[in-house]
Amino acid sequence: MQPLSITRRSWSAPLRAWLFAAAVFTAPTVAQAPAPSAFTDPRQGVMPLPCAEGWQASLVLDRGDVGIWTVKAFQVFPNLGTPEVVGLDDKGRCWILVHYSGKWTPMSTIEEGEWLGGLAHGDVDPRAAGAELYTGGKKGNLYQVRAYPFGATDHRLIARFPGEEVHTLLSGDLDPRVQGAELLVFTSPGALYRVAPTGADGTFETVKLCDTPGRVRDAIRLPPREGAGVGGGEVDGQAAAHARVATVARSGELCVLEIGADGPAWTVVHSAPVGRGRLALAPSRAGRGVVLYTTQDDGVILRHEERATSLGTSDWSTEVIYRGPLGPRGVKAGHFDVDPNREQVMVFGYSGKVELLSRDAGVWSAEVVFEDRAGGHWLDTLEIDSRNGTDELIGSGYGGRIFMLSRPPGYGCEPTGAALLPTDSKQAAAPAPVPARALAQLGERAAGSGGAPVTRSLFIANGTDTRRLDPLRYNGGFQAKTALHETLVQRDASGRFAPGLASDWSITDDGRGYTLRLRDDARWSDGRAVTAAEVVAHFRRVIGLPEHAWLRGLARVEALTAPSEREVCFALREPWPLLADLCAINPCAVRGPGTLDGSGEYVSACGSGPWRYRALADGGARVVLEAARGPARTLELTSIPPVVVLGVESNAALDALRNGTVDVLADGWHELVPRASFAAERARATASLCVPGSSVWYLSFRLAGPTASRPLRRALAASIDRDGLVRDVELGYAEPCFGWAAPGVTAWPASRAPEAEPVEVVPRERLRCVASDNEREAALARALTAQLRAAGFDVELQVVGGAALAGLIEAGAYDMRLERTWGVPYDPDLSLQARFLPATASPSAAAARDFGVDPELRRLVTALVAATDDARRIGLETQIQRHIEAAAPIVPLYAPMLLGLARNGARLPEVGLDLYRTAW
């Protein structure tokens, strides 16, 4: 397998002539120049390569003149969001390439000095956590490679085949005579071995099963025949069918291998007088049997389809689908077209060309989509770019590099044509936003002629200059996101878990396994059914990113699978209340295929929510949505900065309602309706709302110095008049609160006012209270310190800006401060974890912050997240609440209410405890 000296020749002219005569194939597509790139190394960013129109090609790894023989995609690091690419080169190195934000980071392991060829990935060794890599090559050595969540790998020699070369590996439960999984090792000279783990000391047992008629170049496990089980157990009380393996060999045979009680049995499916190179399995399709594609060294590509007979056996038909350049090697079937049912195969060989074979009305056509700098050797598919709705392809060969081919953003995402959001990408231009005049005409038509009624509303993307922000990106835009995307689980009106995209779920007794079943009627915005595999793809992009470390349950996921089209399974390395994490809109609102680009940027809107994206207008300040289901309706969400000055009647949001720019003003996490103006505006509105909220303001202590005293904290708590704070600060629009969760969150144990403990001596030390200069927090701090001073406490209040406040807190230059819970859906669980558990190492919402944490509260919250029994969880929650009441490590104050106003006959949204979700 040393690199060959290949004379390059153009196949274009003779191929075009033959294709024209046969009237079957199309001419190869001329490669286009890649878009300019600022990067010269795939470790730095995307490096485009020339390819055919309608495709994008980029470099993954370049080893110069060192051939890379095998390349496959596996989930090597299960804690990362995308699969890794694994390549084996001519110098005996195993390369693991990690993808993140368009960059490829290479890691090498094993130094054989001569080629590695065989490669497999699977959970073969029960003594090692998760799946392992296995590889071997010319020297006859077989290695196990293990990967660890913190990004390291190690390897060890587990078997040797003196005088033989390891060419092909396959892992799984393939031999019913051995319990559990094992490796099948195909060597040259032609032989088949079984390698299985034995004993607690980490050894493996090698058993030769048989000789083979020739060197097996490729092997694939086949799905079971219809109605048959897999493996050596029982199915419905009957003996299960043996696992089946398809193989192709240098001897020219395509065979099906089954291992039974008597050993291996081979069935020849097709035989040719020339060697076979590679083997591919077509995606399953209803009403069709197993379909395989094989390559022959003479350039012929064959299609083999299995049909079940009445006797329970198989009948195979074979047809030639392509006669191309000599030496085809890589072959891979997949989903490369807008139509997922279009049958397509990719081929790559000594010509250096990657060719796409497509079948339409029984006729096959071919086109060249990419040409590498030397002969090709291997192809595989992976899902790493959700900007499109198709598979990505990786290839390698004599050119010493690994490349990736993909369709451009938006391709295959919505058959009806999905608009892309404005982006800086030079590779795919986004459609222009709908002009303001067109939007105005749309509203007039809808209102006057029975068309889609337009509700113009208000939502907040960010508290800064929102007109420069895409309101659908990560940092805000919750109302738009929840209109477009659903979380698997959400919170109901009492704060309990309720169905979302998932209709129901089950949890294993040990609290480590979660299975969620998708709603049967779940559809993407283009009408396609939501599949579990697409949901898994979303979460694989989320899990492991450092900015999501605050979701501690997701950080503990070690396996994520889709055992069926409707089921999503999370396996955790330790018990954890994962459902709380799955309610988080960012990042758990499930985004469909094509929503994100390769670096995780939001480029199109594909979701399963009640609304679908239509356009952005006014530089991103307005989002136009239309109803995804039911009667035609249009919804405009306008981005305006929230209220920042309390008690001032004139502000941007209220002005927008008064002048008719918006029809609805409604509170969420940001409070848009000024308290001082609400009563007067309510009299002029056509509809209004005033409902309980779920975020709680509370007094927090440093728990050092004077406030380390429990009696002092209880005395301070007893001196607070919550009704007075509600009256003076919130003008009556809040609920007094004594618990960790707001009174409306009835899922949390009921709270009660604590009894005061007498303090014999008022502390002589001055108590320092610090607060932000945000007017809302400052007003609460002033009212609170006034009450404490009236009770005889010496309290100094310091109101400072954000940076100065952070400096005081970091220095411990305070005794008291104000904090606020995140509200539902993050309350009660996620706010509780972030506040009282140890800080996360990664920068996130739960990163290191300086505040006092009561040791008993930390102990109770630590026990709560590990509890697997509902009764125990309820008991621990009650203990947490009672400890807050008794020891006053924090002092809950009140929960602001949610206000809303509507004019022009507009309908108010449904607003509940969930501060981030608005139902229109």
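Here is what the cut-offs are and how they apply
Residues numbered from 1 in each chain as written. Predicted model: local features only at pLDDT ≥ 70, side-chain atom pairs only at ≥ 80, totals over all residues. Heavy atoms only, no water. Helix = DSSP H or I, 4+ residues; strand = E, 2+ residues; numbered from the N terminus. Buried < 20%, exposed > 50% of the residue type's maximum accessible area, 1.4 Å probe, protein only. Contact = heavy atoms within 4.5 Å. Phe/Tyr/Trp six-rings, centres within 6.5 Å; stacked < 30°, edge-to-face > 60°. Lys NZ or Arg CZ within 6 Å of the ring centre and 35° of its normal. Core = buried A, V, L, I, M, F, W, Y, C linked by side-chain atoms within 4.5 Å. Pairing = 2+ DSSP bridges. Axes fitted to C-alpha atoms, helices over the stretch in contact; angles between N-to-C directions.

A. Representation of the overall build of the chain. Assigned secondary structure in the chain consists of 15 helices and 54 strands. Buried positions account for 56% of the 920 residues belonging to the chain. If you take every contact in the chain between residues at least 6 apart in sequence, the share linking residues at least 24 apart comes to 60%.

B. Region of the structure containing unusual backbone geometry. In this chain, S188 is followed by P189 through a cis amide linkage whose omega measures 0°. One can find P189 in the loop between strand 14 (182-188) and strand 15 (191-198). Cis rather than trans, the peptide bond between V824 and P825 has omega equal to 15°. For L731, which is not a glycine, the phi torsion comes out positive at approximately 55°. Note on placement: L731 falls in the loop between helix 10 (722-729) and strand 47 (734-736). Although it is not a glycine, A888 sits at a positive phi angle of roughly 50°. By the secondary structure assignment, A888 is in the loop between helix 15 (870-887) and strand 51 (890-896). By relative accessible area, which is 3% here, A888 ends up buried.

C. Structural view of the packing of aromatic side chains. Across all of its chains, the model carries 14 aromatic pairs by this definition. Taken together, a centroid distance of 5.8 Å and an interplanar angle of 55° make the contact between W550 and Y826 tilted. Of this pair, W550 sits in the loop between helix 4 (532-542) and strand 39 (557-561) while Y826 sits in the loop between strand 50 (816-820) and helix 13 (829-836), and the two are 276 residues apart along the sequence. The exposure class assigned to W550 is buried, which follows from its relative accessible area of 10%. The exposure class assigned to Y826 is buried, which follows from its relative accessible area of 5%. Both rings, one in W822 and one in Y826, keep their centres 6.1 Å apart while their planes meet at 85°; by these two values the pair is edge-to-face. Here W822 and Y826 have matching classes, each one buried. Linked through ring pairs, W550, W822, Y826 and Y916 together constitute an aromatic cluster. Looking at R127, its charged tip hangs above the ring of F204, at a distance of 5.2 Å from the centre. Of note, R556 hangs over the ring of W576, and the distance from its end group to the ring centre comes to 3.9 Å.

D. Here's a closer look at the nonpolar core. Ranked by size, the top nonpolar core spans 89 residues in total, and within it L488, F539, L554, F570 and L582 carry the most contacts. Take this core: its biggest share by element is 6 residues, from helix 14 (residues 855-866). When residues no more than four places from it in sequence are discounted, the contact partners of L554 are F539, V542, I543, L578, D581, L582 and C588. In this structure, L712, A715, A734 and L818 belong to the second largest nonpolar core, which totals 29 residues.

E. The sheet that holds strand 21 (residues 253-260), seen in detail. With respect to topology, 4 strands assemble into an open sheet ordered 17-20-21-22, the strand pairing being antiparallel. Lying at the two open borders of the sheet, with one neighbouring strand each, are strand 17 (216-222) and strand 22 (263-271). Across the sheet, the mean angle from the axis of one strand to that of its neighbour is 25°, orientation sign disregarded. The pairing of strand 20 (residues 244-249) with strand 21 spans 5 bridges and is classified as antiparallel. Paired with R244 across the bridge in strand 21 is E258.

Without other data, these values stay purely geometric and don't point to any function.
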